[in-house]
Amino acid sequence: MSTLVTGIAELVTNDPSLGEGPLGLIADAAIVVADGTVAWVGPSGRAPEADTRTDVGGRAVIPGFVDSHAHLVFAGDRAAEFEARMAGLPYDGGGIGSTVEATRAATDEALLRRLRALVAEMREQGTTTVEVKSGYGLTVDDEARSLRLAAEVTPETTFLGAHVVPRGSTHEDYLALVTGPMLTACAPHARWVDVFCEPASPHAFDGEEARAVLAAGLAAGLGARVHANQLAAGPGVQLAVELGAASADHCTHLTAADVDALATGSTVATLLPGVEFSTRSPYPDARRLLDAGATVALATDCNPGSCFTSSMAFCLALAVREMRMTPAEALWSATAGGAAALRRTDVGHLGVGARADLAVVDAPSYRHLAYRPGVPLVQAFDPIRPPAGRAAAGRTAAPSTAPPEGARRPPRP
């Protein structure tokens, strides 16, 4: 069954061979979807026939957002903590403990219900691929449970037992648990291992502790990701690059050596501007990274403490306004950049053979995503069953469930 999607005022393919500039823009475009993948893309005047046809009415179409950093398995909320931060309380990660208590007390059904609701909320805002971390259980059983639940909504599951050291444990004892029995229980349900490498926080892990966590995860067959350099300059970025981690996330406080390492290595710098917005912290210098040649991704870091937003479009607008990214760079980073951070070649672009993860913007150009911040312009789109509505595109696409493919480092704007 094939479907021809027409009426596309502007199509972002993220493939420069298909259209104009690094975004591969095609004006007055069409796209053919067959069996869940892109079968043809080009100017509407040259579109082939298909079994069915749907028209998006002069709107822009972009690849679905790829959110490569999210913490969605949790119970409770930390609204009071947010209020306190807005009154001047600094963020140091200590509030994670309250979420751990609530999550441990919650049933599987309650956790899964909230998890599915958040994923649906993301799809309604254009996100079609999402990574989900554990990290709010911090016992063997609770971490394994979190990953089993996460695997019900995405193949991009990350073991983050090394989120913080839980109350009542020493760093030494907890590190032995994370790298031993907890890893053994969690590895079958995870694709990635992560660690909050932040010596500036008394609750997180220093460089040598982080190295031990990552080395154990790599030995268990997991790929590596690192929470790095969020609160202060530290060893996280250098460690991520040294170990070939797919991404170093946060990257708020970088030295010149950190920037050089990210520019020359394969590790993606994943920036999370919603965190800076929600903690009143300095924003990362995306311009410095881009000018140095680093690959940059944008993600939400959706979590109940430091950033409770599910909107990639909001993070894109923040990146343009606060981090000196162009609208094109921000969109690329929220799509192809996120795919690179997950080492996926089947998402984040709309070339032939890609997953047909389309998102429709209720505007004639992708530029409106940053131009009209806070306005719900974008939704994931199922071309096989388009609904009536404001964009003729409100049907949310299924999450990215195909097995992840090999790494590639796409060109960036």
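Structure shown above.
Quick look at the structure, then. Model, not experiment: these values are computed from the prediction.

Further remarks concern the side chain of Asp-249. As for its placement among the helices and strands, Asp-249 is situated in strand β11 (residues 247-250). Among buried Asp, Glu, Lys and Arg side chains, Asp-249 stands out as unpaired, with Lys-133 the closest opposite charge at 4.6 Å. Look past the residues within four positions of Asp-249 in its chain and what remains in contact with it is Ser-68, His-69, Val-226, His-227, Ala-228, Thr-270 and Leu-272.

Hydrogen bonds between backbone groups are what pair the strands of a sheet, and the pairing can be parallel or antiparallel. In space, the 7 strands of this open sheet follow the order β7-β8-β9-β10-β11-β12-β13, with parallel pairing throughout. One side of each edge strand has no neighbouring strand; the edge strands of this open sheet are β7 (132-133) and β13 (296-298). Inspection of the sheet shows strand β8 (residues 157-162) paired to strand β9 (residues 192-197) by 3 bridges, in the parallel sense. Within the sheet, the bridge partner assigned to Thr-158 lies in β9 and is Trp-192.

Here the structure, examined in full by the defined rule, presents 2 cavities of 30 Å³ or more. What the largest cavity holds in volume is close to 110 Å³. For the lining of the largest cavity, a count of residues per class yields 4 nonpolar, 8 polar and 2 charged.

As a further point, take the pattern of salt bridges. It is possible for side chains bearing opposite charge to pair when their charged atoms get close. One pass over the full model with this rule turns up 20 salt bridges. Note that Asp-142 and Arg-145 form a salt bridge whose closest N and O atoms lie 3.3 Å from each other. Taken as a pair, Asp-142 and Arg-145 lie in helix α4 (residues 140-150) at a separation of 3 residues, close to a single helical turn. Accessibility expressed as a relative area gives 10% for Arg-145, which makes it buried. One salt-bridge network, held together by shared partners, links Glu-131, Lys-133, Asp-194 and Arg-225.

Take unusual backbone geometry next. Among all residues except glycine, the phi angle is most often negative; among peptide bonds, the trans geometry is most common. If you check the backbone angles, Leu-138 has positive phi at about 60 degrees while not being a glycine. Tracing the sequence through the fold places Leu-138 in the loop between β7 and α4. On the accessibility criterion, Leu-138 (3% relative accessible area) is buried. Of note, Arg-280 is a non-glycine position whose phi angle comes to about 55 degrees, a positive value.

A few words now on the sheet that holds strand β4 (residues 52-63). Pairing within the open sheet is mixed, and its 6 strands lie in the order β3-β2-β1-β4-β14-β15. Where the open sheet ends on each side, the last strands, each with one partner, are β3 (37-43) and β15 (378-381). For this sheet, the mean angle separating the axes of adjacent strands, direction not counted, is 40 degrees. In terms of strand pairing, strand β2 (residues 26-34) meets β3 through 6 bridges, oriented antiparallel. Among the inter-strand pairings, Ala-30 is bridged to a residue of β3, identified as Gly-42.

With that out of the way, let us pick up the packing of helix α5 (residues 171-186) against helix α6 (residues 207-219). Their axes nearest at 10 Å, the elements α5 and α6 cross at an angle of 10 degrees. When the interaxial angle is binned, α5 and α6 end up roughly parallel. Only Glu-209, Ala-212, Val-213, Ala-216 and Gly-217 of α6 make contact with α5, whose side of the interface consists of His-171, Leu-175, Val-178, Thr-179 and Leu-183. Per-class residue counts for the contact of α5 with α6 are 6 nonpolar, 3 polar and 1 charged.

Cut-offs and rules
Residues numbered from 1 in each chain as written. Predicted model: local features only at pLDDT ≥ 70, side-chain atom pairs only at ≥ 80, totals over all residues. Heavy atoms only, no water. Helix = DSSP H or I, 4+ residues; strand = E, 2+ residues; numbered from the N terminus. Buried < 20%, exposed > 50% of the residue type's maximum accessible area, 1.4 Å probe, protein only. Lys, Arg positive; Asp, Glu negative; His and termini not counted. Salt bridge = Lys/Arg side-chain N within 4 Å of Asp/Glu carboxyl O. Contact = heavy atoms within 4.5 Å. Pairing = 2+ DSSP bridges. 1 Å grid on protein atoms, 1.4 Å probe; cavity = no way out; pocket = protein on both sides within 12 Å on 5 of 7 lines; lining within 4 Å. Points joined across faces, edges and corners; volume = space filled by probe spheres on them. Nonpolar A, V, L, I, M, F, W, Y, C, P; charged D, E, K, R; others polar. Axes fitted to C-alpha atoms, helices over the stretch in contact; angles between N-to-C directions. Parallel < 35°, antiparallel > 145°, perpendicular 65-115°, else oblique.

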